[in-house]
Amino acid sequence: MTALVVAASLLVGVSLGVLGGGGSILTVPVLVHLAGQEPKEAIATSLFVVGVTSLVALVPHARARRVRWRTGLVLGAFSMAGAYAGGRAAAFVPGTALLAAFALMMLATAFAMLRGPRRGREPKPRHGGPKPWHIAVEGLAVGAVTGFVGSGGGFLVVPALVLLGGLRMSAAVGTSLLVIAMNSFAGLAGHLSGATVDPVLALTVTGAAVAGSLVGARLAGRVPQDGLRTAFGWFVAVTGALVLARQLGPAVWTHPVTWAVLGTAAVGGWAVRRVRSRTVAPVRE
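All values derive from a computational prediction rather than experimental measurement. The numbering scheme is per chain: residues are counted from 1 as the chain's sequence reads. At least 70 in pLDDT is required for a residue's local features to be given in this predicted model, at least 80 for side-chain atom pairs to be given and counted, and no such filter applies to totals for whole chains, interfaces and linings, which use all residues. No hydrogens and no water enter the side-chain calculation; it runs on all heavy atoms of the structure.

A. Expanded view of the overall build of the protein chain. What the protein chain contains, in helices and strands, is 12 helices and 0 strands. Think of it in three bands: residues with accessible area under 20% of the maximum for their type are buried, residues over 50% are exposed, and the middle band is partly exposed, with areas taken using a 1.4 Å probe on protein chains only. Counting the 285 residues in the protein chain, one finds 45% classified as buried. Whether two residues are in contact is decided by their heavy atoms: any pair within 4.5 Å suffices. Sequence separation of 24 or more characterises 84% of the internal contacts of the protein chain that already satisfy a separation of 6 or more. Of the accessible surface of the protein chain, which amounts to about 14200 Å², a share of 68% is contributed by carbon and sulfur atoms. The helix and strand labels rest on DSSP assignments: H or I over at least four residues marks a helix, E over at least two residues marks a strand, and numbering proceeds from the N terminus. Here, Shrake-Rupley sampling with a 1.4 Å probe gives the accessible areas, and only protein chains in the shown set may cover a residue.

Listed below in structure tokens is the structure:
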């Protein structure tokens, strides 16, 4: 069991180092299903693990000058307020509900990763400078999600840095690690009012994740990002579905209405994707 936890923690670190996100998406299921922690303790522990790992992964990105400190600190400051509030609010929510919300976040994240940017319509940085209230609202929203369910920071922060901060993807990935670290520690502070952290388990998982993050940071820019993102997206989707299935119970998943809704959503998503693939204009070189 310990070997599985360590191996999975290495994958957490690699994800953070390569993609600038995905750490807590994997950490919570690892702590709940492999380490046997309760949901609230797992979320609090994951915030510690991801916070420390993000700081370590930040170093090689900073050396490569892929971190925009001013932008990250401004967005991170607003995110910390939202993360602390989200962490305090989570103390009043049952652990099962938190884990179900976490699973839904996993599925939403997987959908965004698998969908990817539309050809010819990739997000473009805003060179005119973001409006302060845009940064404030985005930071508070990202922080609240991170603090409440312990996930979603990285894959929400990167697009925010591109669209609001005017950063290129390489810089957004590096800068997101700074914001994720700030969010994680603020969210942890909020969660400590209603949860405890096992120091031995937290340090074990953190050590493995840190090692993976250093490997991931070195791989950033050297591996095909599209293929990696797709593979990771499917992994997150399957894991999220399994977590949600365990929380909802067999009665929900064996009901005909559930499968009718899932089938309709799958067919609808496939149809929309086909239509968009035919209508998107080709990219101009």
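B. Summary view of the layout of surface pockets. Estimated volume of the second largest pocket: approximately 230 Å³. Every definition here rests on a 1 Å grid over the protein atoms only: cavities are sets of points where a 1.4 Å probe fits but cannot get out, pockets are open sets enclosed by protein on both sides within 12 Å along at least five of seven lines, and lining residues have some atom within 4 Å of a point. Around the second largest pocket, the lining residues are Ala8, Leu11, Leu26, Pro29, Val30, His33, Leu34, Phe235, Thr239, Leu242, Val243 and Arg246. Sorting the residues of the lining of the second largest pocket by element identifies helix H1 (2–19), helix H2 (23–34) and helix H10 (225–248) as the ones contributing at least two each. Split by residue class, the lining of the second largest pocket holds 9 nonpolar, 2 polar and 1 charged. Grid points are joined across faces, edges and corners, and a volume is the space filled by probe spheres set on the points. Think of it as three bins: nonpolar holds Ala, Val, Leu, Ile, Met, Phe, Trp, Tyr, Cys and Pro, charged holds Asp, Glu, Lys and Arg, and polar takes everything else, Gly as well.

C. Just a nonpolar patch on the surface, in detail. Nonpolar side chains collect at one region of the surface, where Val74, Phe78 and Leu140 lie side by side and expose about 220 Å² of accessible area between them. Among the structural elements, Val74 can be located in helix H4 (residues 69–90). Each patch groups residues whose relative accessible area exceeds 30% and which form no salt bridge, using 9 Å between like charges and 5 Å between nonpolar side chains of Val, Leu, Ile, Met, Phe, Trp and Tyr. Put simply, a salt bridge is a Lys or Arg side-chain nitrogen that is within 4 Å of an Asp or Glu carboxyl oxygen.

D. Focus on empty space enclosed by the protein. Tallying each qualifying case throughout the model produces 2 cavities of 30 Å³ or more. Computed from the structure, the second largest cavity encloses a volume of approximately 30 Å³. Every residue along the wall of the second largest cavity is listed here: Ser9, Val12, Thr27, Val30, Val49, Val205 and Ala209. When contributions to the lining of the second largest cavity are tallied by element, the ones reaching two or more residues are H1, H2 and helix H9 (199–219). Split by residue class, the lining of the second largest cavity holds 5 nonpolar, 2 polar and no charged.

E. Focus on the nonpolar core. If you look at the biggest cluster of nonpolar residues, it comprises 32 residues, and the most contacted ones within it are Val28 and Val205. When contributions to this core are tallied by element, the ones reaching two or more residues are H1, H2, helix H3 (39–63), helix H5 (95–115), H9 and H10. Here the element with the most residues in this core is H5; it accounts for 7 residues. Counting 12 residues, the second largest nonpolar core, distinct from the first, contains Val157, Leu167, Ala171 and Val179. Buried Ala, Val, Leu, Ile, Met, Phe, Trp, Tyr and Cys residues that are joined via side-chain atoms within 4.5 Å together make up what is termed a nonpolar core.

F. Representation of the side chain of Thr53 within the structure. The topology assignment puts Thr53 in helix H3. The class of Thr53 is buried, set by a relative accessible area of 0%. Looking at Thr53, its side chain comes within polar contact range of the main-chain oxygen of Val49, at 2.6 Å. With residues near it in sequence (within four places) discarded, Thr53 still touches Gly13, Leu16, Thr206, Ala209, Val210 and Ser213. A 3.5 Å cut-off defines polar contacts: any pair of N or O atoms within that distance qualifies, except that in protein one atom must be a possible hydrogen donor and the other a possible acceptor, and neighbouring residues in sequence count only when both atoms are side-chain atoms.

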